[in-house]
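# A look at the structure
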Number of protein chains: 2
Amino acid sequence: MKNNVKKIRMKTSMTQQQLAKKVGVTRQTIGLIEKGEYNPTLQLCVAIAKELDKTLDDLFWEVEE
Amino acid sequence: MKNNVKKIRMKTSMTQQQLAKKVGVTRQTIGLIEKGEYNPTLQLCVAIAKELDKTLDDLFWEVEE
DNA sequence: ACTCTATGTAATATATAATTTGCATATGTT
DNA sequence: AACATATGCAAATTATATATTACATAGAGT
């Protein structure tokens, strides 16, 4: 699942650690999601989107490879 | 997780069974998602959205109670 | 060189999404 | 009445998302 989380997170100059804490998961989980190797749950996707001030579509919809 | 899946699915006059088959899960999974008692995975959300010709935001973003 | 922070990654454990099976009811049809 | 289809719901099982712990490397600062 490719996505825009890493790109957007870096624009906010948040670290994986900080984002992880805010959305209530571990740093490793964020890392794997950014890498595209994870299939996160909807709740987590929503939490990440809100924390980054984006919508689900912004982060996860039809992201080109 | 409230969402618009049931409303949109009914507009297409698809049954839970048919949608389930198209996205590769069971009828029960679709039922629970529509009921809002499940926290589906992103892949499944995307599959449902594509099958219903909607985006993630249409189905799962800020759905009022 | 050393230390600290950010990140990548791997193994094992735990929580939970999803399956399977079964039974219920409501509705439509013959 | 009998039968089929669509849906709701519950218990037990399986698959997998996430946690935990640990070790690695690269870069910035002192």
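Residues numbered from 1 in each chain as written. Chains lettered and ligands numbered in written order. Predicted model: local features only at pLDDT ≥ 70, side-chain atom pairs only at ≥ 80, totals over all residues.

### Remarks on the packing of helix H2 (residues 16-23) of chain A against helix H4 (residues 42-51) of chain A
Residues and elements named next belong to chain A.
- As a packed pair, H2 and H4 sit with axes 9 Å apart at the nearest point and diverge in direction by 120°. The angle between H2 and H4 falls in the class oblique. Crossing handedness for the pair H2 and H4: right-handed. Each of Leu-19, Lys-22 and Val-23 in H2 lies in contact with H4, whose residues at this interface are Leu-44, Ala-47, Ile-48 and Glu-51.
- Residue classes in the contact of H2 with H4 are distributed as 5 nonpolar, no polar and 2 charged. (Axes fitted to C-alpha atoms, helices over the stretch in contact; angles between N-to-C directions. Helix = DSSP H or I, 4+ residues; strand = E, 2+ residues; numbered from the N terminus. Parallel < 35°, antiparallel > 145°, perpendicular 65-115°, else oblique. Left-handed = near helix turned anticlockwise from the far one by under 90°. Contact = placed C-beta atoms within 7 Å. Nonpolar A, V, L, I, M, F, W, Y, C, P; charged D, E, K, R; others polar.)

### Comments concerning the protein's contact with DNA strand D
- Lining the immediate environment of DNA strand D, one finds 18 residues, of which Val-25, Thr-29 and Pro-40 of chain A together with Thr-15 and Gln-16 of chain B sit closest.
- Elements that contribute at least two residues to the surface near DNA strand D include exactly helix H3 (27-35) of chain A together with helix H2 (16-23) and helix H3 (27-35) of chain B.
- Here the residues of the surface near DNA strand D sort into 4 nonpolar, 11 polar and 3 charged. (Near = placed C-beta within 6 Å.)

### Regarding the relation of the copies chain A and chain B
- Of the transformation superimposing chain A on chain B, the axial component is 0.0 Å and the angular component is 180°, with the fit at an RMSD of 0.0 Å. The operation mapping one copy onto its partner corresponds to a two-fold rotation axis. Taking C-alpha positions as reference, the residue of chain A nearest the rotation axis is Thr-41 of chain A, located at 2.0 Å.
- Both copies contact each other with a shared surface, as 100% of the interface residues of chain A are interface residues in chain B too. (Least-squares fit on C-alpha atoms with pLDDT ≥ 70 in both.)

### Re the protein's contact with DNA strand C
- Near DNA strand C there are 18 residues, and of these Thr-15 of chain A together with Val-25, Thr-29, Pro-40 and Thr-41 of chain B occur at the shortest range.
- Taken together, the elements giving at least two residues each to the surface near DNA strand C come down to H2 and H3 of chain A together with H3 of chain B.
- The element contributing the most residues to the surface near DNA strand C is H3 of chain A, with 5 residues.

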